[in-house]
Amino acid sequence: MAEVTFKIYRYKPGAIDPPRYDTYRVSIEPHTTVLDVLEHLRLDDPTLTYRHSCHHGSCGTCGMLVNGKEVLACVTRVADLKTDTVVIEPLRHQPLISDLVVDMTPFFEKYEPVGMPYIRESEYLPHSQPPEEVGAYTRFENCLECGLCLSACPVVGSDPDYLGPAALAAAARVVQEPRGQDVPTVLAMVDTEEGCWRCHAAMECSEVCPNDVDPGGLIMFLRRELLTGTSRSGGKR
Ligand code: SF4
Ligand code: SF4
Ligand code: FES
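About the criteria used
Residues numbered from 1 in each chain as written. Chains lettered and ligands numbered in written order. Predicted model: local features only at pLDDT ≥ 70, side-chain atom pairs only at ≥ 80, totals over all residues. Domains from an automatic or database assignment. Contact = placed C-beta atoms within 7 Å. Helix = DSSP H or I, 4+ residues; strand = E, 2+ residues; numbered from the N terminus. Nonpolar A, V, L, I, M, F, W, Y, C, P; charged D, E, K, R; others polar. Near = placed C-beta within 6 Å. Core = buried A, V, L, I, M, F, W, Y, C linked by C-beta atoms within 7 Å. Buried ≥ 20, exposed ≤ 12 C-beta atoms within 10 Å, placed from the backbone. Pairing = 2+ DSSP bridges. Axes fitted to C-alpha atoms, helices over the stretch in contact; angles between N-to-C directions. Expected span 1.5 Å × (residues − 1). Arc of directions from axis to C-beta.

1. So, the domain arrangement of the protein chain
Alright, step 1. Here the domain parsing of the protein chain yields domain 1 (2-101) and domain 2 (105-228).
Alright, step 2. Its C-alpha centre places domain 1 at a distance of 27 Å from the equivalent point of domain 2.
Alright, step 3. Contact with domain 1, which involves 11 residues of that partner, is made by 14 residues of domain 2.
Alright, step 4. The element that contributes the greatest number of residues to the side of domain 1 that touches domain 2 is strand S4 (residues 69-72), accounting for three residues.
Alright, step 5. In the side of domain 1 that touches domain 2, the residues fall into two nonpolar, six polar and three charged.

Shown next, in the form of structure tokens:
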């Protein structure tokens, strides 16, 4: 058991009190996660707000900055941070609702027009052996819709009209696997100054993505597609 200091960003927009950092000392076990710490602290302070659901890195709701880096709190072990002071802050570039909770509306406003289906046709698991009553496993798309990539992207921070890494990655997946969608329309959506040409290709988004979507790599794929025109000639791949 080790004692760690946590400094947690606190702010309620519209409140008279300015933003502040509350400091706590918490004993942690080797397996204690950042989300465990927040849940522990909330027992004494129910006004502390943060998002979470699944507790195992699949719902994408618990994104936050931990010592300046975008992470999912539920799968970030405090011991792995190898520091005795942990600063917890809300994600960047998205409107703040309360403490560690940001408004994901701008994220979904850019993401949803692409209309990406959830199921990957290309990667069902043919060699898996599900129990008889299950029939077959289904492979879902990788993106958790967590918004970590938007927070890490400096272009999103400087240009609110930029489509951003998650939406562009979703568009690239449509191009790779159309599943009935109109590929030329999706390519036209991203072939703009605020689309894939706005990216500066330093890959901060891919670095923080918790599920290996590699949005930066997919943006480069879109650029190649637009330059070669393969998909615009009938969407055949
Ligand atoms: S590679 Fe592009 S989308 Fe990713 S963080 Fe950099 S500018 Fe943003
Ligand atoms: S691309 Fe990765 S970081 Fe961005 S929203 Fe999807 S899962 Fe999260
Ligand atoms: S609580 Fe679901 S990803 Fe962290």
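2. Let's talk about the site of ligand 1
Alright, step 1. Close to ligand 1 lie 14 residues; Cys153, Pro165, Cys199, Cys205 and Gly216 are nearest.
Alright, step 2. Contributing elements (two or more residues each) for the shell around ligand 1: helix H7 (204-208) and helix H8 (215-228).
Alright, step 3. Here the residues of the shell around ligand 1 sort into 11 nonpolar, two polar and one charged.

3. Some details on the site of ligand 2
Alright, step 1. Taken together, 15 residues form the shell around ligand 2, and within it Cys143, Cys146, Cys149, Cys209 and Val213 come nearest.
Alright, step 2. At the level of secondary structure, the elements contributing two or more residues to the shell around ligand 2 comprise helix H3 (148-152) and helix H5 (165-176).
Alright, step 3. At three residues, the largest contribution of residues to the shell around ligand 2 is made by H5.
Alright, step 4. Taken together, the residues of the shell around ligand 2 break down into 11 nonpolar, three polar and one charged.

4. A closer look at the nonpolar core
Alright, step 1. Of all hydrophobic cores here, the largest spans 58 residues; its most connected members are Met64, Cys149, Ala166, Leu168, Ala170, Ala171 and Leu222.
Alright, step 2. A per-element tally of this core places H5 first, with nine residues.
Alright, step 3. Counting contributing residues per domain, this core is built from domain 1 (2-101) and domain 2 (105-228), each supplying no fewer than three.
Alright, step 4. The contacts of leucine 222, once residues within four sequence positions are left out, are Leu168, Ala171, Ala172, Val175, Val190 and Cys196.

5. Details of the sheet that holds S4
In sheet architecture, strand pairing relies on hydrogen bonds along the backbone and comes in two forms, parallel and antiparallel.
Alright, step 1. Pairing within the open sheet is mixed, and its five strands lie in the order S2-S1-S5-S3-S4. The open sheet has two free edges, formed respectively by strand S2 (20-28) and S4, since each of these has just one partner strand. The average angle at which neighbouring strand axes cross in this sheet is 35°, direction not considered.
Alright, step 2. Pairing analysis gives nine bridges linking strand S1 (residues 2-10) to S2, with the strands arranged antiparallel. Of the residues in S2, the one forming a bridge with lysine 7 is threonine 23.
Alright, step 3. Relative to S2, helix H1 (residues 34-44) is tilted by about 105°, and along the sheet it contacts S1, S2, strand S3 (63-66) and strand S5 (85-89).

6. Digging into the environment of valine 174
Alright, step 1. Tracing the chain through its elements places valine 174 in helix H5.
Alright, step 2. Take valine 174: there are 24 C-beta atoms within 10 Å of it, and that puts it in the buried class.
Alright, step 3. Sequence-distant contacts of valine 174, defined by excluding residues within four places in its chain, comprise Val114, Met116, Gln181, Val183 and Val186.

7. Observations concerning H5
Alright, step 1. Taking 1.5 Å per residue, 12 residues should reach 16 Å; H5 reaches 16 Å between its end C-alpha atoms and fits that length.
Alright, step 2. Restricting attention to buried positions, one finds in H5 the residues Pro165, Ala166, Ala167, Leu168, Ala169, Ala170, Ala171, Ala172, Arg173, Val174 and Val175.
Alright, step 3. Looking at the buried side of H5, the elements it contacts are helix H2 (105-111), H3, helix H6 (183-190), H7 and H8.

8. A short note on the environment of serine 151
Alright, step 1. Here serine 151 lies in helix H3.
Alright, step 2. When the C-alpha atoms of serine 151 and aspartate 191 are compared, they prove to be 23 Å apart, with 40 residues separating the residues in sequence.
Alright, step 3. Setting aside anything within four residues of it in sequence, one finds serine 151 in contact with Glu70, Leu91, Arg92 and His93.

9. A look at the pairing of S4
Each regular strand carries side chains that alternate between the two faces of the sheet.
Alright, step 1. Here S3 pairs with S4 via four bridges, running antiparallel. Across the sheet, the residue bridging to methionine 64 is valine 71, located in S4.
Alright, step 2. Linking two consecutive strands that pair antiparallel, namely S3 and S4, is a turn of two residues; a positive phi of about 50° is found at asparagine 67 within it.

10. Some thoughts on H6
Alright, step 1. All of the buried residues along H6 are Val183, Val186, Leu187 and Val190. In a view along the axis of H6, the buried residues occupy a sector of 100°, so they form one face of it.
Alright, step 2. Against H5 and H8 lie the buried residues of H6.

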